[in-house]
Amino acid sequence: MLLFRAFLVSLATASIDLPRDWQAQHCRGTHLEQTGETVVALATDATRGFLPIIGVVNSTVHNSQSDVGFVIVTTRVHFLKKLLDRFFPSLRVAVCSGAEELLKHRPALQRLSSLENSTNIKRKELLSPFNFAAFYMPHVLYHTRRVIYLDTDIVVTGDVLELATLDLHNKAVAAVNDCSQKIAKYFDEKLLPIQHKILWQRVLRGDGCVFNRGVVVFDTLRWRTLQLTETIEDLVDAFVDSKAKLWSSGISQPPFLLALAGRYEQLPVTWNVRGLGRLDIGRNE
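Rules used in this analysis
Residues numbered from 1 in each chain as written. Predicted model: local features only at pLDDT ≥ 70, side-chain atom pairs only at ≥ 80, totals over all residues. Heavy atoms only, no water. Helix = DSSP H or I, 4+ residues; strand = E, 2+ residues; numbered from the N terminus. Buried < 20%, exposed > 50% of the residue type's maximum accessible area, 1.4 Å probe, protein only. Core = buried A, V, L, I, M, F, W, Y, C linked by side-chain atoms within 4.5 Å. Contact = heavy atoms within 4.5 Å. Expected span 1.5 Å × (residues − 1). Pairing = 2+ DSSP bridges. Axes fitted to C-alpha atoms, helices over the stretch in contact; angles between N-to-C directions. Parallel < 35°, antiparallel > 145°, perpendicular 65-115°, else oblique. Left-handed = near helix turned anticlockwise from the far one by under 90°. Nonpolar A, V, L, I, M, F, W, Y, C, P; charged D, E, K, R; others polar. Salt bridge = Lys/Arg side-chain N within 4 Å of Asp/Glu carboxyl O.

K.L.:
Is there a simple way to think about the overall build of the protein chain in this case?
P.N.:
From N to C terminus, the protein chain includes 12 helices and nine strands. Of all 285 residues assigned to the protein chain, the portion counted as buried reaches 54%.

This is the structure in structure tokens:
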């Protein structure tokens, strides 16, 4: 088993080796690695319409009983930092550039552009490398052991300190189960490369439920130790090689599901209330 694991790691895309002073190079504002506060991370490649970011920040701060620091990765650093300073003058926040360059230089993400004309992909915007930004946060925030990643379409109604102090039981990630869908429906298992069959076995051994990436708690050290970003990149390579037939219904969510199947801590459903609180959503919806 140890030899097989080593084989898996050797097949992963080149290791992600960011400078330890990445934040100092690319971020404006607070250097959060120097503080012990709860860190919430967000990422967006929007060039306008930062209202959702303001909503996430405002609702998080409003419901938190302790200091919360934010790291926001974007393409318009100066504009967003100015906006946040106006609305939240005392906010501890680092607004960072550089992620776009980082993501575009990852070979697996570069290859996604070859699928722009594929009829198997309906939403071409999902091919954007920024769609994978969450999976690089444990590398970007190297000095922060616990990171809470939130999508930008979220309104927070609880105290995120609960997530910052949650026992992950040596798991790399915590997320909310969604048993209205099953992982297996996303994949054509016959197209899965042999080196990833062990991931499929974890799917079969578990409950098979999906878990949503909109709210994720990262143990950054455990994530890096397991080389989960590299595993996701390797799966993206397989997806491109299959001409976008390996999985459906998304670009970044399916490899996340497969890489973490059976290896994540379940959060209470109240931490990611999807579908207006319904536990099932019809296929047409």
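K.L.:
Help me understand the nonpolar core in this model?
P.N.:
Buried together is how nonpolar side chains tend to be arranged in soluble globular proteins. Core analysis: the largest hydrophobic core is formed by 67 residues, its most contacted members being Leu 112, Phe 132, Val 173, Trp 223, Phe 239 and Phe 256. Considering each element in turn, this core owes the most residues, seven residues, to helix H11 (residues 228-241). For Phe 132, the residues in contact, after removing those within four places along its chain, are Leu 109, Leu 112, Ile 232, Val 236, Ile 251, Ser 252 and Pro 255. One finds Phe 50, Val 56, Val 77 and Leu 150 within the second-largest nonpolar core, a separate group that totals 32 residues.

K.L.:
I keep staring at helix H3 (residues 51-63) and nothing clicks. Help me out?
P.N.:
At 3.6 residues per turn, the α-helix brings residues three or four places apart onto the same side. Taking 1.5 Å per residue as the helical rise, H3 with its 13 residues ought to reach 18 Å, and the 18 Å between its terminal C-alpha atoms agrees with that figure. Every buried residue of H3 is accounted for by Ile 53, Ile 54, Val 56, Val 57, Ser 59 and Thr 60.

K.L.:
Would you take a moment to explain the pairing of strand E8 (residues 215-219) for this structure?
P.N.:
A regular strand places its side chains so that they alternate between the two faces of the sheet. In terms of residue burial, E8 counts as a mostly covered element, since five of its five residues are buried. What you see with E8 is no split at all: Val 215, Val 217 and Asp 219 on one side and Val 216 and Phe 218 on the other are buried throughout. Pairing of strand E5 (residues 146-150) with E8 involves five bridges; the strand directions are antiparallel. Bridge pairing in E8 places Arg 146 opposite Asp 219. Bridge count for strand E6 (residues 173-182) against E8 is two bridges, and the pairing is antiparallel. Bridged to Ala 174 within E8 is Val 217.

K.L.:
Would you take a moment to explain the side chain of Thr 60 for this structure?
P.N.:
Residue position: Thr 60 is located in helix H3. Not counting the four nearest positions on each side in its chain, Thr 60 is found in contact with Val 40, Val 68, Phe 70, Leu 150, Val 156 and Val 160.

K.L.:
I'm lost on the packing of H11 against helix H12 (residues 253-260) in this one. Help?
P.N.:
Two measures define how a pair of helices packs: the angle their axes make with one another and the distance between the axes. The interhelical angle for the contact between H11 and H12, taken along N-to-C directions, is 125°, at an axis separation of 9 Å. One way to sum up the angle between H11 and H12 is to call them oblique. Note that H11 runs across H12; the crossing there is right-handed. Across the interface between the two elements, Leu 228, Thr 231, Ile 232 and Leu 235 of H11 pack against Pro 255, Phe 256, Leu 258, Ala 259 and Leu 260 of H12. By residue class, the composition of the contact of H11 with H12 is eight nonpolar, one polar and no charged.

K.L.:
I tried to follow the pattern of salt bridges on my own but got confused; where do I start?
P.N.:
Pairing is possible between side chains of opposite charge, provided their charged atoms come close. A complete count under the given rule lists 11 salt bridges for this structure. The salt bridge involving Lys 104 is made with Glu 100; its shortest N-O contact spans 3.4 Å. Residue Lys 104 and its partner Glu 100 are located together in helix H5 (residues 99-104), separated by four residues, close to a single helical turn. For Lys 104, a relative accessible area of 44% gives the class partly exposed. According to the relative accessible area criterion, Glu 100 is partly exposed, its value standing at 36%. For Arg 145, the salt bridge is made with Asp 219, and the minimal N-O distance between the two is 2.8 Å. Residue Arg 145 is found in the loop between helix H7 (137-140) and E5, and its partner Asp 219 is found in strand E8; the two are separated by 74 residues along the sequence. Classification of Arg 145 as partly exposed rests on a relative accessible area of 48%. One network of salt bridges, with partners in common, ties together Arg 111, Asp 237 and Asp 241.

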